[in-house]
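One letter stands for each residue in the lines below.
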Amino acid sequence: GEDVEQSLFLSVREGDSSVINCTYTDSSSTYLYWYKQEPGAGLQLLTYIFSNMDMKQDQRLTVLLNKKDKHLSLRIADTQTGDSAIYFCAEGAFSGGYNKLIFGAGTRLAVHP
Amino acid sequence: EAQVTQNPRYLITVTGKKLTVTCSQNMNHEYMSWYRQDPGLGLRQIYYSMNVEVTDKGDVPEGYKVSRKEKRNFPLILESPSPNQTSLYFCASSQGYNEQFFGPGTRLTVL
């Protein structure tokens, strides 16, 4: 069945790069997403990548997709304290007229001085 | 401002006391969904709705009901809450295959 896995915690020093990894199982996924959840808030879409792409860059964010290994990563350059949050990887499959999302457990990113 | 709102944001209740969590969106989206978030499990879909009067079960529907009488509203109903329904609940909406917008969440504790 569908499953998305990611490590639960990551701690980085301010100014360093953060890399959050994710693996998924559904090869029919059309889009892969990264959502950010700040304390007490809902989920905010950070970025996404279409399944036929290898890489997408958006300012400090770089998404890498290895479709063969079903591995997705999110790199945050020059990590700031405001980046401290939970990051969810999700795979999306078009199903019956809507985009069904399957989420990983979330990676809690802690940024320290 | 385009948004998804949920009420209440926090709720403490007792086992068996019926409750409703409301969800409303102002973007005229057809698709709406409820998720629950639990530590180590991420978000799991409870129910979803493709349009008015069209609802279907997600991955964890047991113990929940929904209704979609109007396009903008999608309430989540717990007829007889139990402690294992203590969780953080999110409502989301989208149009077709586009981005899902999430509400701020409702933290429910069932004693």
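Computed from a predicted model, the values in this text were never measured in an experiment.

This part takes up the interface of chain A and chain B. Facing 19 residues of chain A, the contacting portion of chain B comprises 21 residues. Here chain A and chain B share an interface that buries about 1700 Å² over both sides, 59% of which is from carbon and sulfur atoms. One can count one salt bridge joining chain A with chain B. Counting across the chain A and chain B interface gives three residue pairs in polar contact (both at pLDDT 80 or more). Counting only elements with at least two residues in the side of chain A that touches chain B, the list comes to strand S4 (31–37), strand S5 (43–50), strand S9 (85–95) and strand S10 (98–103) of chain A. Examining the composition of the side of chain A that touches chain B, we find that six residues originate from one element, S10(A), more than from any other. Here the residues of the side of chain A that touches chain B are counted per class, giving eleven nonpolar, seven polar and one charged.

Residues and elements named next belong to chain B. Strand order across the open sheet formed by four strands is S1-S3-S8-S7, with antiparallel pairing between neighbours. Taken across any chain shown, the strands that pair with only one partner, and hence form the sheet edges, are strand S1 (4–7) and strand S7 (65–66). Two strands pair when backbone bridges link them, and S1 and strand S3 (residues 19–25) are joined in this way by four bridges, in the antiparallel orientation. Opposite Gln6, over in S3, you have Cys23 as the bridge partner.

Thresholds applied
Residues numbered from 1 in each chain as written. Chains lettered and ligands numbered in written order. Predicted model: local features only at pLDDT ≥ 70, side-chain atom pairs only at ≥ 80, totals over all residues. Heavy atoms only, no water. Contact = heavy atoms within 4.5 Å. Buried area = accessible area lost by both parts, 1.4 Å probe. Salt bridge = Lys/Arg side-chain N within 4 Å of Asp/Glu carboxyl O. Polar contact = N/O pair within 3.5 Å; in protein donor to acceptor, adjacent residues only side chain to side chain. Helix = DSSP H or I, 4+ residues; strand = E, 2+ residues; numbered from the N terminus. Nonpolar A, V, L, I, M, F, W, Y, C, P; charged D, E, K, R; others polar. Pairing = 2+ DSSP bridges.

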